[in-house]
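Structural overview
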Amino acid sequence: MNKFAVFGNPIAHSLSPTIHQRFAEQYSLPISYEKIGPDENDFENALSTFFDDADAVGCNVTAPFKGRALQQADTLNKAAELAGAVNTLYKKDRRLQGFNTDGIGLVADISNQGVELADKKVLLIGAGGAARGAVHPLLEAGVKTLAITNRTMERATQICEEVSVSHCIALDKPGLMSFDADIIINSTSASLHNQLPDLQHISFVKCELAYDMAYSKEPTLFMTYAEKEGATMSADGLGMLVEQAAAAFTIWTEKLPQTRPVIDKLRKR
Ligand code: ATR
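Here's what I pulled together on the structure shown here. Note that the coordinates shown come from a computational prediction; the quantities given were computed from them, not determined experimentally.

Some thoughts on the pattern of salt bridges
In the structure shown here, the tally under the stated rule is eleven salt bridges. The shortest N-O distance in the salt bridge between Lys66 and Asp102 comes to 2.8 Å. Here Lys66, found in helix α3 (residues 66–72), pairs with Asp102, found in helix α5 (residues 102–112); they are 36 residues apart in sequence, far enough to count as distant. What makes Lys66 partly exposed here is its relative accessible area of 23%.

What follows is the structure in structure tokens.
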């Protein structure tokens, strides 16, 4: 039986095993998918033990190991390179291929909301690992402008310098006031602590979708704030989680699982 796993710490609450088992059921594929939560110092050992098994095909990697997973990969896709983080590893011909599917998941879920990214003005709040994972796929989706803002502006500027295309710009407070974004994405970890980033200089009036990469049973603080300030629609990151998993599943199996029934089922939990 093909073996898969997700590595992270903490890992107990990960939804990845459930999501991948549902995908596998769609194709009647028997798979095993386990959660592995190594100690801080043990990640590399645990990963190589997992892949020593001839049945091991691939794994997902989540916090805090995404940066270290990149170090373990023999090859990287563009999104992983730019993100400096790998969330999906695939063992092929004894070599480990590293991918970052988080941004692909984001783009797919924005499309699930019925929102077009092509030619849109997009504002990305945050410049950490989650933001970095999103930048390349958002640009690939053909956005008109990708503006990045962050509490620590140097990190936003740094990403734009690395990307080095004229329609990817770092925006500080004065610039934000005159940037009427169509789509506003919160990639900060503030939601995880039930906090909001500073949104004072951001206008939601023209915003058709406010997207929070975090997810919870109730609408997040960011979603509630955005709608109150005029956003037409808001969404949390549950769909992104399922879509990034689907992209990983496709890398491993070349199959395109249906995500909608899985998202709906998780939403009802
Ligand atoms: P992740 O991998 O989840 O992106 P990270 O790399 O630690 O984690 O980045 C966290 C992001 O959330 C950063 O953009 C961080 O801002 P700083 O670069 O200024 O640290 C942002 N962030 C976290 N808590 C925040 C808060 N309370 N208000 C605003 N931004 C916050």
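On we go.
Thoughts on helix α1 (residues 16–26)
Of the positions making up α1, those classed as buried are Ser16, Pro17, Ile19, His20, Phe23 and Ala24. Looking down the long axis of α1, one finds its buried residues gathered within 165° of arc, a one-sided arrangement. Lining the buried residues of α1 we find β1 (2–7), β2 (31–36), β3 (56–61), α10 (238–253) and α11 (260–267). Of the residues one or two after α1, Ser28 is the one with positive phi, at around 50°.

Focus: the sheet that holds strand β5 (residues 88–92)
With mixed pairing, the six strands of this open sheet are ordered in space as β2-β1-β3-β5-β6-β4. On the outer flanks of this sheet lie β2 and β4 (75–76), each paired with one strand and no other. Inspection of the sheet shows β1 paired to β2 by six bridges, in the parallel sense. Its bridge partner being in β2, Lys3 is matched across the sheet by Ser32. Strands in contact with α1 are β1, β2 and β3; relative to β2, the strand with the most contacts, it is inclined by about 170°.

Re the site of the ligand
The ligand sits among 14 residues. The nearest are Ala130, Asn150, Arg151, Thr152 and Arg155. Contacts to the ligand include Gly129, whose backbone N or O atom sits 3.0 Å from an oxygen atom. With respect to the ligand, the side chain of Gln195 contributes an N or O atom lying 3.1 Å from a nitrogen atom. The residue inventory of the shell around the ligand, partitioned by class, reads four nonpolar, eight polar and two charged.

Focus on the packing of aromatic side chains
Following the criterion strictly, the structure yields nine aromatic pairs and no others. Ring geometry for Phe50 and Phe51: centres 5.0 Å apart, planes at 75°, overall edge-to-face. One aromatic cluster is present, formed by Phe7, Phe43, Phe50, Phe51 and Phe65 through successive ring pairs. Here Lys121 stacks its cationic end above the ring of Phe179, 4.9 Å away from the centre of that ring.

Overview of the packing of α5 against α10
Following both chains from N to C, one finds α5 and α10 inclined at 125°, their axes separated by 7 Å at the closest point. With respect to α10, the axis of α5 lies oblique. When you trace α5 past α10, the crossing you get is right-handed. Of the residues in α10, those touching α5 at Asp102, Ile104, Gly105, Leu106, Ala108, Asp109 and Asn112 are Gly239, Met240, Glu243, Gln244 and Ala247. Grouping the constituent residues of the contact of α5 with α10 by class yields five nonpolar, four polar and three charged.

Observations concerning the packing of helix α6 (residues 129–140) against helix α7 (residues 153–163)
The N-to-C vectors of α6 and α7 enclose an angle of 40°; their axes lie 11 Å apart at closest approach. Taken together, α6 and α7 sit at an angle that is classed as oblique. Crossing angle aside, the handedness with which α6 passes α7 is right-handed. For the pair α6 and α7, the contacting residues are Arg132, Val135 and Leu139 in the first and Gln158, Ile159, Glu162 and Val163 in the second. A per-class count over the contact of α6 with α7 returns four nonpolar, one polar and two charged.

Quick notes on the rules
Residues numbered from 1 in each chain as written. Predicted model: local features only at pLDDT ≥ 70, side-chain atom pairs only at ≥ 80, totals over all residues. Heavy atoms only, no water. Salt bridge = Lys/Arg side-chain N within 4 Å of Asp/Glu carboxyl O. Helix = DSSP H or I, 4+ residues; strand = E, 2+ residues; numbered from the N terminus. Buried < 20%, exposed > 50% of the residue type's maximum accessible area, 1.4 Å probe, protein only. Arc of directions from axis to C-beta. Contact = heavy atoms within 4.5 Å. Pairing = 2+ DSSP bridges. Axes fitted to C-alpha atoms, helices over the stretch in contact; angles between N-to-C directions. Near = heavy atom within 4 Å. Polar contact = N/O pair within 3.5 Å; in protein donor to acceptor, adjacent residues only side chain to side chain. Nonpolar A, V, L, I, M, F, W, Y, C, P; charged D, E, K, R; others polar. Phe/Tyr/Trp six-rings, centres within 6.5 Å; stacked < 30°, edge-to-face > 60°. Lys NZ or Arg CZ within 6 Å of the ring centre and 35° of its normal. Parallel < 35°, antiparallel > 145°, perpendicular 65-115°, else oblique. Left-handed = near helix turned anticlockwise from the far one by under 90°.

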